Amino acid sequence: MKILVTAKRVTDPNAKIKLKSDKSGIQTDGLEYKPNPFCENAIEEALRLNETHGGEVVVVSIGPSDVQATIRTALAMGAHRGILVTGLDDHQMDSDLVARVFAELYKRERPDLFLLGKQAIDGDSNQVGQLLAEYLEIGQACFASKVEIHGSEAIVTREVDGGLEKIAVGMPAVITADLRLNEPRYASLPGIVKARKKSIDEIDIRSLGIDTHLKVETVAYEEPKTRGGGVTFVGGVDELVGKLKSEAKAI
Amino acid sequence: MDFEAVDFWGLDAELSEEEIQIRNAVRAMVDREVLPIIGKCFEEGHFPMHVIPVVAEMGLLGANLHGYGCPGIGEVAYGLVMQELERGDSGIRSFVSVQGSLAMYPIYTFGSDEQRQKWLPGMAKGEIIGCFGLTEPDFGSNPAGMRTYAVKASDRWVITGNKMWITNGNIAQVAVIWAGTEDGFRGFIVPTDTPGFRARLVEHKFSLRASVTSELILDNVEVPLDAVLPGVVGLKGALACLSAARYGISWGVVGSAMAVYDEALRYAKERVQFSKPIAGYQLVQEKLVEMLTEISKAQLVNLRMGRMKERGLLRPHHISFAKRNNVAMARRTAQLGREILGANGIMYDYQVGRHLCNIETVYTYEGTHDIHTLVLGKEITKIAAFE
């Protein structure tokens, strides 16, 4: 079984994000990146499926050359090789373009499964998997918390409101990983050493013949409103009720 | 909240991508497997056994050895592994140090090929735990005085003696025991289930509580003739092991100090007294600056030491310098961190108290601070002050 799996890099969620002065984006100088946690779940699942069913796990990502480090982390966990589509910076993509790039990679690689994180924790768009399946006209199973392969079908348990839904989807298919799908392994030292020798193909976006025009225009970034100070009451219940009515308009 | 490491001098730029990846993998493991449970382990006085298969699976046991199931990473990468482990706890780092540098290393360096094949793969997998018996109740800084003795009979060695302060003693399946013989000091590979071998748990410690410390009692322990390490006669074998372990300690304690500094800095920025966070007061800033400065200097020493080791240039006195300086730095850092945390500094909810107690062990094990002072004194003056 051949699996394509995504490894997106995201800004360190614990880093203090600063906006550019013109509000066109965030300042990326000195910013650290980490693999998107949901992609890590997808990679772990790809590796587990590979351990049972054999085949190949190919890690794909998009971005500048230093995204190789993110792919390399997945190779250290045990994936076999990587593909990096270069020529686009992080801010030059929207979910639609990413899905169309992945659709091209799908056509080149013809995998049985395309695994993705359900969303990236920076943009939180949660659209790429769904768009990708639509462009490829294949089945999709998003928010997977369990994946089993039976013959030519993937049996996927999905986390939905109020419970779990179990669906069967014919392969090839797109599956997006939810948090409870698995616990990603740590990259081992032998894995990290071996990853150095694994190949990462860089493909220039221009050679894919894709229209890189974005469908989503980012108008501006704003910082969240800073929290105002609290109010201390020294009076009685009547005063509190009055203020909740008149000032907070909570009751 | 994620740990923020000290990198005032941008030393990450001097590390390879692979070294950074190795460090980050161990850092993530410590965040997930060690930090959530280590305060409780320390309080209850037990070693977290569940960490053994995790560190073994990651290839951290004997990580800088080549072959026999060991990954053979570089010396700086190995140092970074030690640093990250001790950022969690000195007891965890001690476990890995003893397994790799004190038990596997002598078998790897002085053992026969049969001995290496027999022991190292299982030790790398964490299925066989090792310990190292050199120090005795009456012989610490002066190991040459040891009383443990091995007599050679026609078909076996018979070993008798006591070893003290032995990390991993009670959980080990194999011990590397150093003993006097007719020909000088020799190392022996002794399975701990050999009749006459006993490990007694050292209890009532206020330091390294999440680590197993033991006394080993060898009463006419009989091992076959091929249990002796053939590659070395004399104390230089044991001392080579100590150099390997001290190298790891020098890196490890920087991890301890970075954990303390990170916690103290966060605390100082959040804790408001009078009109502002205590980080805004001169006395607290002086402490934080002192910690940052000394940690950064120790990092520079470690990186240089590691690169020298990779090039085969490192000498024992360099390691004495690093062990002496860096452990004293971590001890002082723990004290300063504990001061900044005020009353909270004595609680298990925070890390500084645990590091403060742990470093007391690290300060005197593997060559006390004072002995390393005298090693350096001898190096400078060519006059030994300890004979």
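Being a predicted model, the structure only gives us computed values, none of them experimental. (Residues numbered from 1 in each chain as written. Chains lettered and ligands numbered in written order. Predicted model: local features only at pLDDT ≥ 70, side-chain atom pairs only at ≥ 80, totals over all residues. Heavy atoms only, no water.)

Caption draft 1: Representation of the environment of isoleucine 138 of chain A within the structure. Residues and elements named next belong to chain A. Checked against the element boundaries, isoleucine 138 lands in the loop between helix H4 (128-136) and strand S7 (139-150). We classify isoleucine 138 as buried; its relative accessible area is 18%. Once the C-alpha coordinates of isoleucine 138 and valine 169 are considered, the two residues, 31 residues apart in sequence, prove to be 9.1 Å apart. When neighbours within four sequence positions are excluded, isoleucine 138 is seen to be in contact with Tyr106, Ala133, Pro172, Ala173 and Val174. (Helix = DSSP H or I, 4+ residues; strand = E, 2+ residues; numbered from the N terminus. Buried < 20%, exposed > 50% of the residue type's maximum accessible area, 1.4 Å probe, protein only. Contact = heavy atoms within 4.5 Å.)

Caption draft 2: Structural context of the sheet that holds strand S1 (residues 2-6) of chain A. Residues and elements named next belong to chain A. Spatial ordering of the open sheet is given by S9-S8-S7-S10-S6-S1-S4-S5-S11, a layout of nine strands whose pairing is mixed. Each edge of the sheet is formed by a strand with only one pairing partner; in this case those strands are strand S9 (163-170) and strand S11 (200-204). Neighbour-to-neighbour, the strand axes of the sheet open up by a mean angle of 35°, direction not taken into account. Where S1 and strand S4 (residues 56-62) come together, five bridges link them in parallel fashion. Within S4, the position partnered with threonine 6 by the bridge is valine 60. Set on the sheet, H4 makes contact with strand S6 (113-117), S7 and strand S10 (173-177); between it and S7 the angle comes to about 80°. (Pairing = 2+ DSSP bridges. Axes fitted to C-alpha atoms, helices over the stretch in contact; angles between N-to-C directions.)

Caption draft 3: Layout of the nonpolar core. Grouped together as the largest cluster of nonpolar side chains are 109 residues, with contacts concentrated most on Met29, Leu85 and Trp178 of chain B. Ranked by residues supplied to this core, first place goes to helix H4 (residues 90-110) of chain B with nine residues. Apart from residues lying up to four places away in sequence, methionine 29 of chain B is in contact with Tyr186 of chain A together with Val34, Val54, Val55, Met58, Leu60 and Leu85 of chain B. Membership of the second largest hydrophobic core comes to 32 residues, among which are Tyr261, Ala264, Val284 and Ile295 of chain B. (Core = buried A, V, L, I, M, F, W, Y, C linked by side-chain atoms within 4.5 Å.)

Caption draft 4: Geometry of helix H5 (residues 113-124) of chain B. Residues and elements named next belong to chain B. Helix length check: H5 (twelve residues) gives 16 Å between terminal C-alpha atoms against 16 Å at 1.5 Å per residue, within 8%. Looking at H5, one finds that the buried residues are Gln115, Trp119, Leu120, Gly122, Met123 and Ala124. Turning to H5, the residues buried within the fold contact helix H2 (51-57), strand S2 (70-71), H4, strand S3 (130-133), strand S6 (174-181) and strand S7 (184-191). Backbone geometry just after H5 places glycine 126 at a positive phi near 75°. (Expected span 1.5 Å × (residues − 1).)

Caption draft 5: Local environment of the packing of aromatic side chains. Residues and elements named next belong to chain B. Summed over all chains, the structure comprises ten aromatic pairs over all chains. Relative to tyrosine 350, the ring of tyrosine 267 has its centre 5.8 Å away and its plane inclined at 85°; by these criteria the two rings are edge-to-face. Note that tyrosine 267 is positioned in helix H6 (residues 236-270) and tyrosine 350 in the loop between helix H8 (316-340) and helix H9 (352-364), a separation of 83 residues in sequence. A relative accessible area of 11% places tyrosine 267 in the buried class. For lysine 309, the ring lying beneath its charged end belongs to tyrosine 247, and the centroid distance is 4.6 Å. (Phe/Tyr/Trp six-rings, centres within 6.5 Å; stacked < 30°, edge-to-face > 60°. Lys NZ or Arg CZ within 6 Å of the ring centre and 35° of its normal.)

Caption draft 6: Structural view of the side chain of arginine 209 of chain B. All names here are of chain B. Inspection of the secondary structure assignment puts arginine 209 in the loop between strand S8 (197-201) and strand S9 (213-224). Polar contacts involving the side chain of arginine 209 include one to the main-chain carbonyl oxygen of glutamate 43, which spans 3.1 Å. For arginine 209, the residues in contact, after removing those within four places along its chain, are Cys41, Phe42, Glu43, Glu44, Gly45, His46 and Asn358. (Polar contact = N/O pair within 3.5 Å; in protein donor to acceptor, adjacent residues only side chain to side chain.)

Caption draft 7: Just the domain arrangement of chain B, in detail. Residue and element names in this part refer to chain B. What the domain assignment lists for chain B is domain 1 (11-124), domain 2 (130-227) and domain 3 (236-381). Computed over C-alpha atoms, the centres of domain 1 and domain 2 are 23 Å apart. Each partner contributes to the interface: domain 1 provides 24 residues, whereas domain 2 provides 20 residues. Taking both partners together, domain 1 and domain 2 bury about 1,700 Å²; carbon and sulfur atoms supply 72% of that area. Applying the counting rule to domain 1 against domain 2 returns zero salt bridges. (Domains from an automatic or database assignment. Buried area = accessible area lost by both parts, 1.4 Å probe. Salt bridge = Lys/Arg side-chain N within 4 Å of Asp/Glu carboxyl O.)

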